[in-house]
Each structure stands twice: as structure tokens, then as C-alpha cells.
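# Overview (structure and organization)
This is what each chain is made of:
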Amino acid sequence: RTTATSKSAMAVARLCAIAALFHCSDGFQAHRSPVPGSRVARSILAPRPPRFAPKQSPLTVIAAMSTTPSAGPISSGDAVKEVLTGVVIALAGIPASIAFANIAGVNPLVGIWSSVILGLVSAVVGGSPGLIAGAAGVVAVPLAPLIANHGVAYMGPCVLLAAALELCVGALGLGKFVRVVDDNVMNGFLNGLGCLLFKSQLAVFAGLAGASLYATLGVAALTAAVTKFLPLLTTAVPSSLVAVVASAALAPLLPLLGTGASVKTLADVAGAGTFQGGLAVLPRFAPLQALGPLVSSTPSGVAWLATLKIVLPTALSVALISVLETLLAGKVLAAAPQGLGMARDEGRTLLGLGAGKAASAVLGGFGGCGLIPQCLLAIQSAGPTGRVGPLTALSCSAATCVLVVGLAPLIGSVPLASVAGVMLTVAAATVQVDWTFQSLKRALGTSSTSGSSGSSRARLSFLTLAVTSAACYFVDMAAGIGLGVAMNWLFLSKKS
């Protein structure tokens, strides 16, 4: 029996060695043979490079993370630009985090620290270099009725359960199914997202009139113009950062013009306590508070079942949309030239998401997901020759922490219109005008060379694009993407 056991063990060892050789050869071939197809297809279908060898020092691993087959080692200039890009994203993310906290019905600092903790853990643990993660509306919106109906005590168990579900999805390797989202669905999603971003920034101008309206429009227009046109002159620093700094410096001069014009600042929206600064604003480690009703005087079994019944529907919704948004954010980043073709690991990405959300919960936060608008902002801020890598995500979280703790009064004085101007340029860049126009031309074309089947395929492709765009805008992101994928499946089955 012992001999048979040893022979079985040796056979298993041989199989593992053969599998390892094939894995290494696949990783080697990834650097030699390009994958045909669109840029999105190449980023998705290309074999992944081999993982880091074991027993490497942390410094070696960090250096390897900043190196890609296509770009080589990162230079000091690129590193500085990545850090500055992270600062821009932090400036734009602070008001968004405050808004999402207001939607959920919790303190604005909860939204800010949710972004910091999730972004930091996701950047260290996750498998998508440069992915920006933080507080998100897709998480805050489902949590709002739960908190309103049952109290904030149920937020922690709900977020922890969503984190556990995300960890399971990542561990089981289910993230690979995001690859069924093709170019038409992806661009339809981006069209809907761009329109929603534009609509969300219009709230900055709501309720204003007279000199205040003109001043707010002027600050936003100045910020957008600098963001758009400064890269034509120089790409040494992110244009968004220059735009925010310039508009923030000019805004206090508006009352001196004698017109009574003024603009709202971040402190006006979030309240004075949010930007008081100092160590008092740091989050507190409170694992028992995160468990909420589970540590009450109620018997444990009853408490678990009652709490699970309340939080499970919300946790499922939060986990599903968080997984989808995060994987799509990584897909958008990998398809951009600034992503430099960095390898993505969907499983590790979701493990980082779940770990970050759990860490956020035990520190009193509500987590979040990968942020496509912030990833698009990072791509735009990096410029055509820049890069979005691990330093971008790390510096974003670090900059948010430093800004809120050490430079809080200064950040609180940034005009809300400045952030709106930056996000309006992002919204304009998000809408895929060229792709949509070309898809419409192919659908309406009557060229004899395309044939009936070709024109039919073009019409079905445009229909998928249009329906996905409309559903993402008028319903929600998950419904739009699901509908687009279902339409693709139906069309393919009809052809076969």
C-alpha cells in the first residue's frame, strides 16, 4: 500500500511539472505572438505573462509591477507623472465620495475613507495595475433604503456579506465571464456612462441665477478649456491638475469684481467638519461595530438568520454590480494605450475588491468598486504618451489621505465648479462618438460588396449598441450590459 501511495504521489508530481512547463511556455509565447483583432480583443485574449517567481523580495516584486513587456522599466519622469495623475484623481474623487455618502445617508467622511481604504487594498492585492477603486454610486444607491429602513447598524453586515460573495467569485475564477462583453456592448455601456456623467455634473449649476450662475459657468469652462488644450503645449504635468489649481486660485478673486459673484466650494457642500483636518478625522478600527446586530443581546442563531434575511438582497445586488463594474473598469484600462498592455488577472482583481471592501467595513466604511470614470480621468490626465500603472492607484489613495488630514482647509476651498469642469471633459471623452457614427453608417449602407448577410450583421450590431446605450442610461448599468450580452447571444444563435 505504501509503494502504491508513493507511486501515485510521483505520478501527480510529474503531472504538476508538465503543467508548469506548459504554463511557462504559454507565458513565453505571450511575448512573441500577437493576438489578432481589435485593441480590446488583444487586451482580453492575449495569454498572460508568467507570474512572479517565489521567494522574491518585496522591492523586486514592486519593481516588476512597474515593468511591462511593451514599456520596459518605469523612468523617474513617468513615476512623477503617475503620482501627479493620482493627485488629480484624488481631487476629483473627494466630492464624488462625499456625494455617495450623502446618497447612502452616512457622514461624508465615511465615503472619503471608504475610497481610501478600498483603493489602497485593491491596488496592493488586486490584479489590474492602475485600476482606480473607491466609493461608488452603484453601492451607495442599494444601501440607501437599507440604512433608511433598518438603520446604519445593518450597513456593516451587508458590506461584509457582499465582500464575502466577491471573494468567492474571485476564488472560483468566475470573473473570466466578463469576456462575453464584446465591443458593441462595451461601447454602448460607455455611451450611457458618458451621458450619465454629463447629467450628474449639471447639478452643480442647479438653482443658481445671475452673477453666481455666470461665475460658476466661467470657472467650469476655464477648467475644461485648460484640461482639454494644455496637452497641446506640454504634457509634463497632468492638465487636469493645472486646471484645478488655476481655477481655485482665481475663484476667490471673483467677489473683488463688485458683481456679487461667488462659487460654492467643497467645504460648502460637505460641511465644515469634513475639512477640519487633523488626526480626529481618521477612521477607527471597529470590527464589532461592523457586525452590527450580530453582537447584540439576541441569541446568535436568531440574530444571524434575522440579519441575513434583511441584508442578503442588498448584499447580492451590491456584489453583482461591484464585480461587473470592477471588471469592466479593468477592461477599459487595459484597452487604452496608457494601460501599456499590462496583464490583468480577473480572479486577483476580485480578490482585491473583496478584501478592500471587507477592510473598509471593519473601519466603518461601505466599500465601493472599480471606478470607470476615474479610470477614464486617469487615462486623460496621463496624456497620449503617459501611463497609468500601480503608482497611479497607490498615489490616489495616499493623496486623498494627505489632503483630508493635512491639507483639509486648502482642499475645502476648491470650487465645486472646478471639479465639474474636469468631469465634463471626461464625460465628453467617454461617449464613443466615432464608433457609434461608423456603426450607424455600416447599418445604413447599401453597398453591393457587403451583401445581405453583411448588412444584416451590421444592423444587428448597431441595434445592440443602441439598446445597450439606452438601457445603461435610462435603467441601470447592469441591466444595459445584461441586455446587450443577451441580444448578442440571440443574434449568434439565430445565425447558427
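Residues numbered from 1 in each chain as written. Predicted model: local features only at pLDDT ≥ 70, side-chain atom pairs only at ≥ 80, totals over all residues. Heavy atoms only, no water.

### Digging into the overall build of the chain
- Across its full length, the chain holds 21 helices and 2 strands.
- Out of the 496 residues in the chain, the part that is buried amounts to 46%.
- Summarising the internal contacts of the chain: among those between residues at least 6 apart in sequence, 82% fall at separations of at least 24.
- Here the chain displays about 23,500 Å² of accessible surface, and carbon together with sulfur accounts for 70% of that area. (Helix = DSSP H or I, 4+ residues; strand = E, 2+ residues; numbered from the N terminus. Buried < 20%, exposed > 50% of the residue type's maximum accessible area, 1.4 Å probe, protein only. Contact = heavy atoms within 4.5 Å. Areas by Shrake-Rupley, 256 points an atom, 1.4 Å probe, with all protein chains shown as cover.)

### Things to note about the environment of S247
- Note that S247 resides in helix α10 (residues 239-250).
- Along the sequence, S247 and G218 sit 29 residues apart, while their C-alpha atoms lie 9.4 Å from each other.
- Apart from residues lying up to four places away in sequence, S247 is in contact with V219, L222, T223, P415 and S418.

### Remarks on the nonpolar core
- Among the nonpolar cores identified, the biggest contains 82 residues, and I94, W113, F189, F275, L328, I372 and L377 are the most heavily contacted of them.
- In this structure, L328 is in contact with V178, V181, M186, F189, I372 and I481, ignoring residues within four places of it in sequence.
- Core analysis: the second largest hydrophobic core is formed by 22 residues, V106, Y154, V159 and F366 among them. (Core = buried A, V, L, I, M, F, W, Y, C linked by side-chain atoms within 4.5 Å.)

### So, the packing of helix α8 (residues 183-201) against helix α15 (residues 372-382)
- Between α8 and α15, the shortest axis-to-axis distance is 11 Å and the interhelical angle comes to 90°. With respect to their mutual orientation, α8 and α15 come out roughly perpendicular. Residues F189, L190, L193 and L197 of α8 form the contact with α15, whose own contacting residues are I372, P373 and L376.
- Across the contact of α8 with α15, the residue classes tally to 7 nonpolar, no polar and no charged. (Axes fitted to C-alpha atoms, helices over the stretch in contact; angles between N-to-C directions. Parallel < 35°, antiparallel > 145°, perpendicular 65-115°, else oblique. Nonpolar A, V, L, I, M, F, W, Y, C, P; charged D, E, K, R; others polar.)

### As for the side chain of S122
- Among the structural elements, S122 can be located in helix α5 (residues 108-125).
- Owing to a relative accessible area of 8%, S122 belongs among the buried residues under this scheme.
- Leaving out residues up to four positions away in the same chain, S122 has contacts with A133 and G352.

### Here we look at the confidence of the model for the chain
- In this model, the chain carries a mean pLDDT of 76, and residues with pLDDT of at least 70 account for 77%.
- Confidence over residues 1-71 falls short of pLDDT 50; this stretch has 52 contacts with residues more than four positions distant or in other chains.
- pLDDT under 50 marks residues 447-453. Its contacts with residues more than four places away, or in other chains, come to 1 contact. (pLDDT = per-residue confidence, 0-100.)

### Let's talk about a nonpolar patch on the surface
- The grouping of L120, V124, V125, L167 and L351 at the surface amounts to a nonpolar patch, some 360 Å² of accessible area in total.
- Sort the elements by how many residues they give to the nonpolar patch and α5 lands first, with 3 residues.
- Relative to the elements of secondary structure, L120 occurs in helix α5.
- Given a relative accessible area of 41%, L120 falls into the partly exposed group. (Patch = residues over 30% accessible without salt bridge, like charges linked within 9 Å, V, L, I, M, F, W, Y side chains within 5 Å. Salt bridge = Lys/Arg side-chain N within 4 Å of Asp/Glu carboxyl O.)

### With respect to helix α14 (residues 346-362)
- Here α14 contains 17 residues, and its C-alpha end-to-end distance of 25 Å stays within 8% of the 24 Å for a straight helix at 1.5 Å per residue.
- Of the positions making up α14, those classed as buried are E346, G347, T349, L350, G352, L353, G354, G356, K357, S360 and A361.
- Measuring from the backbone nitrogen of G347 back to the side-chain oxygen at the start of α14 gives 3.1 Å, which picks out D345 as the cap.
- Following α14 by one or two positions, G364 has its phi on the positive side, about 90°. (Expected span 1.5 Å × (residues − 1). Polar contact = N/O pair within 3.5 Å; in protein donor to acceptor, adjacent residues only side chain to side chain.)

### What to know about the environment of G386
- Mapped onto the elements of the fold, G386 is located in the loop between α15 and α16 (390-405).
- Linking G386 and D78, residues 308 residues apart in sequence, is a C-alpha distance of 7.0 Å.

### Some thoughts on α10
- With 12 residues, α10 extends 17 Å from end C-alpha to end C-alpha; this agrees with the ideal 16 Å at 1.5 Å per step.
- Every buried residue of α10 is accounted for by S239, S240, L241, A243, V244 and S247.
- Residues of α10 that are buried sit in contact with α4 (76-104), α9 (210-229), α15 and α18 (416-430).

### Observations concerning the packing of aromatic side chains
- Counted according to the given criterion, the structure contains 1 aromatic pair.
- Each ring, one from Y473 and one from F474, has its centre 4.8 Å from the other, and the planes form 90°; the classification is edge-to-face.
- Look at Y473 and you get partly exposed, because its relative accessible area is 27%.
- With relative accessibility at 65%, the residue F474 sits in the exposed group. (Phe/Tyr/Trp six-rings, centres within 6.5 Å; stacked < 30°, edge-to-face > 60°.)

### Regarding the pattern of salt bridges
- Applying the stated rule across the entire model yields 1 salt bridge.
- Between K357 and E166 there is a salt bridge, with its nearest N and O atoms 2.6 Å apart. One end of the pair, K357, is in helix α14; the other, E166, is in helix α7 (residues 155-171), and 191 residues separate them in sequence. Considered together, K357 and E166 belong to a single accessibility category, that of buried residues.

### What to know about the environment of I379
- Its place among the elements puts I379 in helix α15.
- The exposure class assigned to I379 is buried, which follows from its relative accessible area of 13%.
- For I379 and L333, which are 46 residues apart along the polypeptide, the C-alpha to C-alpha distance reads 7.7 Å.

### A few points about the side chain of T265
- The residue T265 is located in the loop between α10 and α11 (266-270) in this model.
- At 3.2 Å, the side chain of T265 forms a polar contact with the backbone oxygen of G412.
- Look past the residues within four positions of T265 in its chain and what remains in contact with it is G412, S413, V414, P415 and L416.

### A word on the packing of α9 against α10
- Two elements in contact, α9 and α10, have axes separated by 8 Å at closest approach and are oriented at 150°. With respect to their mutual orientation, α9 and α10 come out roughly antiparallel. In terms of crossing hand, the pair formed by α9 and α10 is right-handed. Where α9 abuts α10, its residues V219, L222, T223, V226 and T227 lie against S239, S240, V242, A243, V244, S247 and L250.
- Here the contact of α9 with α10 is built from residues that sort into 7 nonpolar, 5 polar and no charged. (Left-handed = near helix turned anticlockwise from the far one by under 90°.)

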